[in-house]
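Survey of secondary and tertiary structure
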Amino acid sequence: MTPSDQSAAQAALNGARPVYGRLDQIRGPEDAAADIMELWAVAESTMRALLGGSTLSGQDLVRELRQRGVLNLEQANALASFWDARSRCADISYKPTLTDVGFARAGYNELVRIVDQVPGSAVASGQAPVSPYAPGGARTADRPVVPPPDIPEPVLAPVAQYAPRSRRFSLSAIAAVGSVALIIVAAIAAYFTFGRSHFDNDMGSAINLMETGRTEAALGAFGAITHEYPDQAAPHVFLARLARQNNPPDINTARQELVTAIRLQPDYEPAQREMGVFLLATRNPSLARNFLIRAVQLAPNDSAAQGYLGCALMGMNRTADAQAFLSRAGQGTWSACAAQPSATSPVTPR
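The following paragraphs examine the structure supplied in this document. (Residues numbered from 1 in each chain as written. Predicted model: local features only at pLDDT ≥ 70, side-chain atom pairs only at ≥ 80, totals over all residues. Heavy atoms only, no water.)

**Some thoughts on the packing of helix H10 (residues 234–244) against helix H12 (residues 269–281)**
- Between H10 and H12, the least distance of the axes is 10 Å, while the angle of their chain directions is 15°. Here H12 runs roughly parallel to H10, going by the angle between their axes. Like other packed secondary-structure pairs, H10 and H12 cross with a definite hand, here left-handed. Note on element contacts: H12 touches H10 through Pro270, Ala271, Arg273, Glu274, Val277, Phe278 and Ala281, opposite Val237, Arg241 and Arg244.
- Considered class by class, the residues forming the contact of H10 with H12 number six nonpolar, no polar and four charged. (Axes fitted to C-alpha atoms, helices over the stretch in contact; angles between N-to-C directions. Helix = DSSP H or I, 4+ residues; strand = E, 2+ residues; numbered from the N terminus. Parallel < 35°, antiparallel > 145°, perpendicular 65-115°, else oblique. Left-handed = near helix turned anticlockwise from the far one by under 90°. Contact = heavy atoms within 4.5 Å. Nonpolar A, V, L, I, M, F, W, Y, C, P; charged D, E, K, R; others polar.)

**Brief notes about helix H4 (residues 58–67)**
- Within H4 the residues assigned to the buried category are Gly58, Leu61, Val62 and Leu65. An end-on view of H4 places all buried positions within 95° of arc, on one side of the element.
- Check the buried side of H4 and you find it contacts helix H3 (29–50) and helix H5 (73–89).
- Two residues or fewer after H4 comes glycine 69, characterised by a positive phi angle close to 80°. (Buried < 20%, exposed > 50% of the residue type's maximum accessible area, 1.4 Å probe, protein only. Arc of directions from axis to C-beta.)

**Points about the pattern of salt bridges**
- Taken as a whole and judged by the stated rule, the model has 13 salt bridges.
- Glutamate 44 serves as the salt-bridge partner of arginine 48, at 3.4 Å between the closest nitrogen and oxygen. Of the two residues, arginine 48 and glutamate 44 both sit in helix H3, four residues apart, roughly one turn of that helix.
- Put simply, arginine 318 and aspartate 321 hold a salt bridge, and the shortest N to O gap is 3.0 Å.
- One salt-bridge network, held together by shared partners, links Arg22, Asp35 and Glu38. (Salt bridge = Lys/Arg side-chain N within 4 Å of Asp/Glu carboxyl O.)

Purely geometric numbers; function is a separate question.
Written out as structure tokens, the structure reads:
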């Protein structure tokens, strides 16, 4: 990418920040759809600049960037989900959801990170350049390599006659400091172990309430855990499941809880898998596939993630690929979709 292309990409992304900011506001569905489509237009301009110019658009543009190694798999999936949201918004009868907004924001953020990683972009974005001698720093290509100044060897003071006594004091002081450090480390470890154990116990109790049919009590227990541990995704995943299994299903709450879970812990595999199952239940196999692929990457031995990925592929009429994942997963609640190639909504999972 040439400096002019980079400047164009930076200018486009910076100019779209007001649109990005509006996505956080509560507005009508028509306004949200317009913002998502406008933000995608900026995303396409940026991606074309990353290629040094292109006539491609949509998924083809994302695929080309992936093939050239500009995007990693996670970034490509984020932009593919952004494109799916934009495509849905093109239908004037469609009302964007919080998930669509989340996909748009995530895709935009990935592009910001990609452009910021291009050499020289830190200066273009107004950030302070990294020193070539800072930890992890890199020398810029247009700056001559200047060796650090010579540092003279320290001059050692003469050893006094009472050196052995001083040495004994130093060793005992070091031993004392080491003991204190070990105590502090042990205390910290105990704190986190106890905290984690407390969290696990609370989650176990809430899950038991859910599995024994005490739904209202389970909702209250999971809700309390979200307040006590606001950085944990797990209780939000179970709240989403309860909302989805409600009669009738509370689709909006389920979606919102899953978006929150993924925002809190993007690498938490159950959240990615549950979002995929949710999207299958709402008959969106194409988007479900993206989340289930991510779940399989995070937990290759999770048979449920593989099974539901097979269902998503079956819903996309990719029968051969679907059968491969279904066979690898074995029997489970996902198996029903194998008998119904056109189905996009599997049996409700546990």
